[in-house]
Amino acid sequence: MDEPKPVIWIGSSLRDLRALPPEVRRDIGQALYTAQQGGTDPAAKPLKGFGGARVMEIVESDRGGTYRAVYTVQFADAVYVLHVFQKKSKRGITTPKQDIDLIRRRLAEAQRDHRERQN
């Protein structure tokens, strides 16, 4: 069996994940492990507005609320985790604009990091 792809944490994503409830952390960790192996966990789906399946969103809920982890599988050799947060808005399922903007900035950072690792 091939080695799982490494996970590269962008910005505060690892610290933010560690602040979540243990059960939510475990479920997000399992979904990320599936991505490391080249698969897609049932809890993961493409994040709208990013052109297909290159940016994925894991959605987990518990009695404390709804939590999301956003990662990209754009690169064949690594999984970049871009953002982990608790969705606080009560208006629908849409990801808030400030979170989308942060995800876009971190995706650009992941692209720069990946280019630098290739050199």
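Quantities reported herein were computed from a predicted structural model and do not represent experimental measurements.

Novice: What is the right way to read the sheet that holds strand β5 (residues 79-87) from this model?
Specialist: Backbone-to-backbone hydrogen bonds pair the strands of a sheet. The strands run either parallel or antiparallel. One open sheet accounts for five strands, arranged β1-β5-β4-β3-β2; its pairing is mixed. Pairing within the sheet leaves two strands with one partner each, and these edge strands are β1 (7-9) and β2 (44-46). Between one strand axis and the next, the sheet turns through 35° on average, direction left out of account. Summarising the sheet, β1 and β5 pair through three bridges and their orientation is parallel.

Novice: Help me understand the pattern of salt bridges, please; the structure alone is not making it clear to me.
Specialist: When the charged atoms of two side chains with opposite charge come close together, those side chains can pair. A full pass over the atoms with the stated rule returns five salt bridges. Of the charged contacts, one joins Lys45 and Glu57 as a salt bridge, the two residues approaching to 3.9 Å between their closest N and O atoms. Placement of the pair is Lys45 in strand β2 and Glu57 in strand β3 (residues 55-62), with a sequence separation of twelve residues. Classification of Glu57 as buried rests on a relative accessible area of 3%.

Novice: Whenever I open this one, the pairing of β5 confuses me. Can you help?
Specialist: The side chains of a regular strand alternate between the sheet's two faces. Most of β5 sits out of view: eight of its nine residues are buried. Judged from the seven bridges that link them, strand β4 (residues 65-72) and β5 form a sheet pairing that is antiparallel. Bridging across to β5, Arg68 finds its partner in Phe85. Here β4 folds back onto β5, and the loop between the two strands holds six residues.

Novice: How should I be thinking about the packing of aromatic side chains in this particular structure?
Specialist: Centre distance and the angle of the planes are the two values used to describe a pair of aromatic rings. Inspection of the entire model under this criterion finds one aromatic pair. Note on Phe75 and Tyr80: the rings are 5.2 Å apart at their centroids and 70° apart in plane angle, and the pair reads as edge-to-face. For the pair shown, Phe75 and Tyr80 are each scored as buried. The cationic tip of Arg104 hangs over the ring face of Phe50; the distance from NZ or CZ to the ring centre is 4.4 Å.

What counts as what
- Residues numbered from 1 in each chain as written.
- Predicted model: local features only at pLDDT ≥ 70, side-chain atom pairs only at ≥ 80, totals over all residues.
- Heavy atoms only, no water.
- Pairing = 2+ DSSP bridges.
- Helix = DSSP H or I, 4+ residues; strand = E, 2+ residues; numbered from the N terminus.
- Axes fitted to C-alpha atoms, helices over the stretch in contact; angles between N-to-C directions.
- Salt bridge = Lys/Arg side-chain N within 4 Å of Asp/Glu carboxyl O.
- Buried < 20%, exposed > 50% of the residue type's maximum accessible area, 1.4 Å probe, protein only.
- Phe/Tyr/Trp six-rings, centres within 6.5 Å; stacked < 30°, edge-to-face > 60°.
- Lys NZ or Arg CZ within 6 Å of the ring centre and 35° of its normal.

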